[in-house]
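Observations on chain architecture
Below, each chain spelled out in residue letters.
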Amino acid sequence: MAEAKELMQRYSDGDAGAFRELYVLVAPRLLGYLLKMARERALADDLLQQTFLKVHRARGAYVRGADPLPWIYSIAHRTFIDQARKHKRAVVRVGDAEELPEVAAAITGESDDRRDDDRADPELVSATLDALAELPAQQREAVVLTKLDGKTVAEAAEIAGTTIGAMKVRAHRGYEALRKLLGKPARPPRRAAGGTP
Amino acid sequence: MTGPDLPQMPTPRPPPLSPMLEAELGQLARVATRRPLRQIALLVAVSLAYGAGVLAMLAMRRDVHELPMGWLAGAGLAWLLGFVVPLYLAMVPRRGAVMPRWKLAAGAALIGSLGFIALGLAIHPSGPSSATLGWEHFGRGAGCLGTGVATALVPVVGGAIFLRGALPVGSRWIAAALGAGGGSLGGLVLHLHCRVTDGLHVGLIHGGVVGVAALLSAALVPRATDVR
């Protein structure tokens, strides 16, 4: 499959097929992110459609040769924030199993057609999603982006429109809160092989 | 970074494209994408021409030949840098990125807003024909403030047009940088026009133009540059 920036360039040149390929490439990851943030499938679907509509309307702002993914993620981030502000709720609890996603993906955010390892444990997934929903929106987003979507702290900060330091703090606090919610003890510090005392 | 071992998260199948998007794709046309370097060059050129026009209308300061040339040129260069650097950071992203560097732009806006006030209060040489106002006539600086903010209008509006729809995050800081850049152009025009040499006037009014333009821009411009 072509790279996102090549598809974005062809799309900007008027190739509708390139947009569809871009959608196939980006939408699963983006929907995964939005679902973890919004916690409701219908809302996440709606936010995804809004995000791509905004990308479409703002495509003239794209800079040729640039990676469009952080920009598209930022649009999704902003769309979610606007929605949460509008409805004064950032969290909607999952009510039944039908609202859980159907297709497993790696922790990097790739959909399962790109990997061949086993599927996730549904109970553990559900518990983790519930625990994520307990976090404040900023901490949840930091955990989702850095731990689940495989973004670096710098990439996550760029997407969320904050500083690297603030993103590190949010992610750390999010991990700590998540650990307490999941009832897991902190990892013992690793002893480096042959390390000095 | 330590944290709980999170399970592999499921990723859902995305829904089909909405009818609205399908309709948009049905009439998809080529669009001209953003060219940041070309835009900044055009914006700087147009803004300088506008600033020169404003200065031509107002006339150069009468004491220009009496002032130390080093100070006149040095301060002019500082105003020019205060104009170009925030605009550059607000409009030109790093290589390979779509979004401009809003954090650096924010820093430039803050430094410009505070730095020119501090410099104005500290450095204000005068010649025999320079005027002084003092606190009792400080209010007469409103004219300079208005002129400076009016001069900032073209770079701010031009930048907002070039950046429309480009800033899903950081738009307020980018707008502040556009305002600070425009305000510095206003400061440059005032530097070459106004012969009042009070530290109070030069610092708080001429320097203050930068902060006022940045605040006004931050309040108004994001409506144009946000992705909606």
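Since the model is a prediction, treat every value here as computed from it, not as a measurement.

**Comments concerning the overall build of chain A**
A count of helices and strands for chain A gives eight helices and zero strands. When the helices and strands of chain A are listed from N to C terminus, the series reads α-α-α-α-α-α-α-α. In chain A, which comprises 197 residues, the share counted as buried stands at 53%. If you take every contact in chain A between residues at least 6 apart in sequence, the share linking residues at least 24 apart comes to 63%. When the accessible surface of chain A is totalled, it reaches about 9100 Å², and 51% of it is carbon and sulfur.

**Focus on the overall build of chain B**
Counting its secondary structure elements, chain B contains eight helices and zero strands. N-terminal to C-terminal, the α/β element order of chain B is α-α-α-α-α-α-α-α. Its C-alpha atoms give chain B a radius of gyration of 22 Å, more than 25% over the compact-globule value 17 Å for 228 residues. The principal-axis extents of the C-alpha atoms in chain B amount to approximately 75 × 50 × 30 Å. For chain B, the proportion of its 228 residues judged to be buried stands at 53%. The long-range share in chain B, meaning contacts at least 24 apart out of those at least 6 apart in sequence, stands at 87%. Within the structure as shown, chain B displays about 10300 Å² of accessible surface, and the carbon and sulfur contribution to it stands at 68%. Here chain B contributes 17 positively and 8 negatively charged side chains, and the mean placements of these two sets differ by 9 Å.

**Focus: the interface of chain B and chain A**
Taken together, the 47 residues of chain B in the interface contact 76 residues of chain A. Interface area for chain B against chain A, summed over the two sides, is near 5600 Å², with a carbon-plus-sulfur share of 64%. On inspection of chain B and its partner chain A, the count reaches three salt bridges. Glu-158 of chain A is the partner of Arg-94 of chain B in a salt bridge, and the nearest nitrogen-oxygen pair spans 3.2 Å.

**Considerations on the side chain of His-206 of chain B**
Residue and element names in this part refer to chain B. On the secondary structure map, His-206 appears in helix α7 (residues 199–220). Looking at His-206, the relative accessible area reads 3%, which means it is buried. Within the structure, the side chain of His-206 is placed 3.1 Å from the side chain of His-201, a separation counted as a polar contact. Among all residues touching His-206, those that are not within four sequence positions of it are Trp-79, Cys-144, Gly-187, Leu-190, His-191, Cys-194 and His-201.

**Quick look at helix α1 (residues 4–12) of chain A**
Buried residues of α1 of chain A: Ala-4, Leu-7, Met-8, Tyr-11 and Ser-12 of chain A, and no others. Down the axis of α1 of chain A, the sector holding all buried residues measures 135 degrees, keeping them to one side. Turning to α1 of chain A, the residues buried within the fold contact α2 (16–38), α3 (41–57) and α4 (69–87) of chain A together with α1 (19–26) of chain B.

**Description of the pattern of salt bridges**
Per the counting criterion, the structure on display carries 12 salt bridges over all chains. The salt bridge partner of Asp-13 of chain A is Arg-30 of chain B, with a shortest N-O separation of 3.3 Å. With Asp-13 of chain A in the loop between α1 and α2 and Arg-30 of chain B in the loop between α1 and α2 (36–58), the pair connects residues from two separate chains. Arg-30 of chain B gets classed as exposed once you look at its relative accessible area, which sits at 57%. A salt bridge links Arg-78 of chain A to Asp-82 of chain A, with the shortest nitrogen-to-oxygen separation between them at 3.1 Å. Of this pair, Arg-78 of chain A and Asp-82 of chain A both sit in helix α4, four residues apart, which is roughly one turn of the helix.

**Side note on the nonpolar core**
In terms of nonpolar packing, the biggest core is built from 98 residues, with Phe-52 and Trp-71 of chain A touching the most fellow members. In terms of residue count, α2 of chain A provides more of this core than any other element does, 15 residues in total. Here Phe-52 of chain A is in contact with Phe-19, Tyr-23, Val-26, Ala-27 and Leu-30 of chain A together with Leu-21 of chain B, once residues within four sequence places are set aside. Formed by eight residues, the second largest nonpolar core is a distinct cluster that contains Ala-131, Leu-133, Ile-205 and Val-209 of chain B.

**What about the environment of Arg-20 of chain A?**
Along the chain, Arg-20 of chain A falls in helix α2. Here the alpha-carbon distance between Arg-20 of chain A and Leu-7 of chain A, two residues 13 residues apart in the chain, equals 9.1 Å. What Arg-20 of chain A contacts, discounting residues up to four positions off in sequence, is Leu-17, Glu-22 and Leu-25 of chain B.

**Brief notes about a nonpolar patch on the surface**
On the surface, Leu-37, Leu-48, Leu-77, Leu-80, Leu-81, Val-84, Val-85 and Tyr-88 of chain B cluster together into a nonpolar patch covering about 660 Å² of accessible area. Counting residues per element, the nonpolar patch draws most heavily on helix α3 (residues 69–91) of chain B, which supplies six residues.

**Describing the confidence of the model for chain A**
All names here are of chain A. A residue-level look at chain A finds 74% of positions with pLDDT of 70 or above and a mean pLDDT of 77. Mean pLDDT values over the elements of chain A span from 78, in helix α5 (residues 122–134), up to 93, in α1. Overall, residues 90–118 carries pLDDT values under 50, and its contacts beyond four positions in sequence, including any with other chains, amount to 72 contacts. In this model residues 189–197 is a low-confidence stretch, pLDDT under 50, and it forms zero contacts with partners more than four residues away in sequence or in other chains.

Conventions and cut-offs
- Residues numbered from 1 in each chain as written.
- Chains lettered and ligands numbered in written order.
- Predicted model: local features only at pLDDT ≥ 70, side-chain atom pairs only at ≥ 80, totals over all residues.
- Heavy atoms only, no water.
- Helix = DSSP H or I, 4+ residues; strand = E, 2+ residues; numbered from the N terminus.
- Buried < 20%, exposed > 50% of the residue type's maximum accessible area, 1.4 Å probe, protein only.
- Contact = heavy atoms within 4.5 Å.
- Areas by Shrake-Rupley, 256 points an atom, 1.4 Å probe, with all protein chains shown as cover.
- Rg over C-alpha atoms; globule rule 2.2 N^0.38 Å.
- Lys, Arg positive; Asp, Glu negative; His and termini not counted.
- Charge placed at Lys NZ, Arg CZ, Asp CG, Glu CD.
- Buried area = accessible area lost by both parts, 1.4 Å probe.
- Salt bridge = Lys/Arg side-chain N within 4 Å of Asp/Glu carboxyl O.
- Polar contact = N/O pair within 3.5 Å; in protein donor to acceptor, adjacent residues only side chain to side chain.
- Arc of directions from axis to C-beta.
- Core = buried A, V, L, I, M, F, W, Y, C linked by side-chain atoms within 4.5 Å.
- Patch = residues over 30% accessible without salt bridge, like charges linked within 9 Å, V, L, I, M, F, W, Y side chains within 5 Å.
- pLDDT = per-residue confidence, 0-100.

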